[in-house]
Amino acid sequence: MNTHSHSPSAAPTAQQVTDTFKILSNHERLHILLVLLEHDSSLQELSEATGLNTAKTAAHLQKMRQLGIVDYTRFMRIMQYRIISPIVRDLLNALPQFPKDRT
């Protein structure tokens, strides 16, 4: 259950902003989100792109899904993850560009 959802016109609460910055402050989750900012990706693709094992990647995705930051669409047995939080998307787009291998 997503306790942090809000209508698009509602301003985020202080707790939602805090939770968002906590997610972004972890370099592994940030790396996952930067990959997802470019394109929707499967668990396997995210693991390969970030160098994290699939169990760790899945745990990060689950946490971000619980907070309403990412979600997935199932295609047969493959789940394609995507960013669904406009706040997170805006924050990531505001970051300066830097080489992917430096994340």
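From a predicted model like this one, the values you see are computed outputs, not experimental measurements.

Trainee: Would you explain the sheet that holds strand β2 (residues 70-75) in this entry?
Mentor: In sheet architecture, strand pairing relies on hydrogen bonds along the backbone and comes in two forms, parallel and antiparallel. Strand order in the open sheet formed by three strands is β1-β3-β2, with antiparallel pairing between adjacent strands. The open sheet is flanked by β1 (41-42) and β2, the only strands paired with a single partner. Two strands pair when backbone bridges link them, and β2 and strand β3 (residues 78-83) are joined in this way by six bridges, in the antiparallel orientation. Looking at β3, one finds that T73 is bridged to Q80.

Trainee: I'm lost on the pattern of salt bridges in this one. Help?
Mentor: Pairing of side chains with opposite charge becomes possible as their charged atoms draw close. Following the criterion strictly, the structure yields two salt bridges and no others. In this structure, the salt-bridge partner of E28 is K56, at a minimum N-O distance of 3.3 Å. On the criterion of sequence distance, the pair formed by E28 in helix α2 (residues 27-38) and K56 in helix α4 (residues 54-66) is long-range, its members being 28 residues apart. On the basis of relative accessible area, K56 is assigned to the partly exposed category, the value being 38%. For D71, the salt bridge identified is with R65, shortest N-O distance 2.9 Å. Overall, the relative accessible area of 38% leaves R65 in the partly exposed class.

Trainee: I would appreciate a short explanation of α2 in the present structure.
Mentor: What sets the pattern is the α-helix's 3.6 residues per turn: residues three or four places apart point alike. Spanning 12 residues, α2 covers 17 Å between terminal C-alpha atoms, matching the ideal 16 Å at 1.5 Å per step. Where α2 begins, one side-chain oxygen reaches toward the backbone nitrogen of E28, 2.9 Å away; that side chain belongs to N26.

Trainee: Please clarify how the pairing of β3 should be interpreted in this entry.
Mentor: Consecutive residues of a regular strand have side chains that alternate between opposite faces of the sheet. Pairing analysis gives two bridges linking β1 to β3, with the strands arranged antiparallel. Pairing of S42 across the sheet is with Q80, part of β3. The turn linking β2 back onto β3 is made up of two residues, and M76 within it adopts a positive phi angle of 60 degrees.

Trainee: Even after reading the chapter, I still don't get the nonpolar core, so can you show me in this structure?
Mentor: Taken as a class, soluble globular proteins show a tendency for nonpolar side chains to be buried jointly. Counting residues in each nonpolar core, the largest one holds 18 residues, and the members touching the most others are L33, L36, L61, M64, I69 and V70. Take this core: its biggest share by element is five residues, from α2. Those residues within four positions of L36 in sequence are excluded, and the remaining contacts are S41, L46, L61, V70, Y81, R82 and I83.

Trainee: Can you help me understand the environment of P12 in this one?
Mentor: Assignment of secondary structure puts P12 in the segment before α1 (14-24). Judged by relative accessible area, P12 falls into the partly exposed class, the value being 34%. Taking the C-alpha atoms as reference points, P12 and I87, separated by 75 residues in sequence, lie 8.8 Å from one another. Dropping the residues within four chain positions of it, P12 is found in contact with V17 and I87.

Trainee: Teacher, can you tell me more about the packing of α1 against helix α5 (residues 86-94) here?
Mentor: Close contact between α1 and α5 brings their axes to 11 Å; oriented N to C, the two are set at 50 degrees. Taken together, the axis directions place α1 and α5 in an arrangement best described as oblique. Relative to α5, α1 is oriented so that their crossing is right-handed. Here α1 contributes T20, F21 and L24 to the contact with α5, which in turn contributes V88, L91 and L92. Of the residues contributing to the contact of α1 with α5, the split by class is five nonpolar, one polar and no charged.

What counts and how
Residues numbered from 1 in each chain as written. Predicted model: local features only at pLDDT ≥ 70, side-chain atom pairs only at ≥ 80, totals over all residues. Heavy atoms only, no water. Pairing = 2+ DSSP bridges. Helix = DSSP H or I, 4+ residues; strand = E, 2+ residues; numbered from the N terminus. Salt bridge = Lys/Arg side-chain N within 4 Å of Asp/Glu carboxyl O. Buried < 20%, exposed > 50% of the residue type's maximum accessible area, 1.4 Å probe, protein only. Expected span 1.5 Å × (residues − 1). Polar contact = N/O pair within 3.5 Å; in protein donor to acceptor, adjacent residues only side chain to side chain. Core = buried A, V, L, I, M, F, W, Y, C linked by side-chain atoms within 4.5 Å. Contact = heavy atoms within 4.5 Å. Axes fitted to C-alpha atoms, helices over the stretch in contact; angles between N-to-C directions. Parallel < 35°, antiparallel > 145°, perpendicular 65-115°, else oblique. Left-handed = near helix turned anticlockwise from the far one by under 90°. Nonpolar A, V, L, I, M, F, W, Y, C, P; charged D, E, K, R; others polar.

These figures come from the coordinates and say nothing about function on their own.
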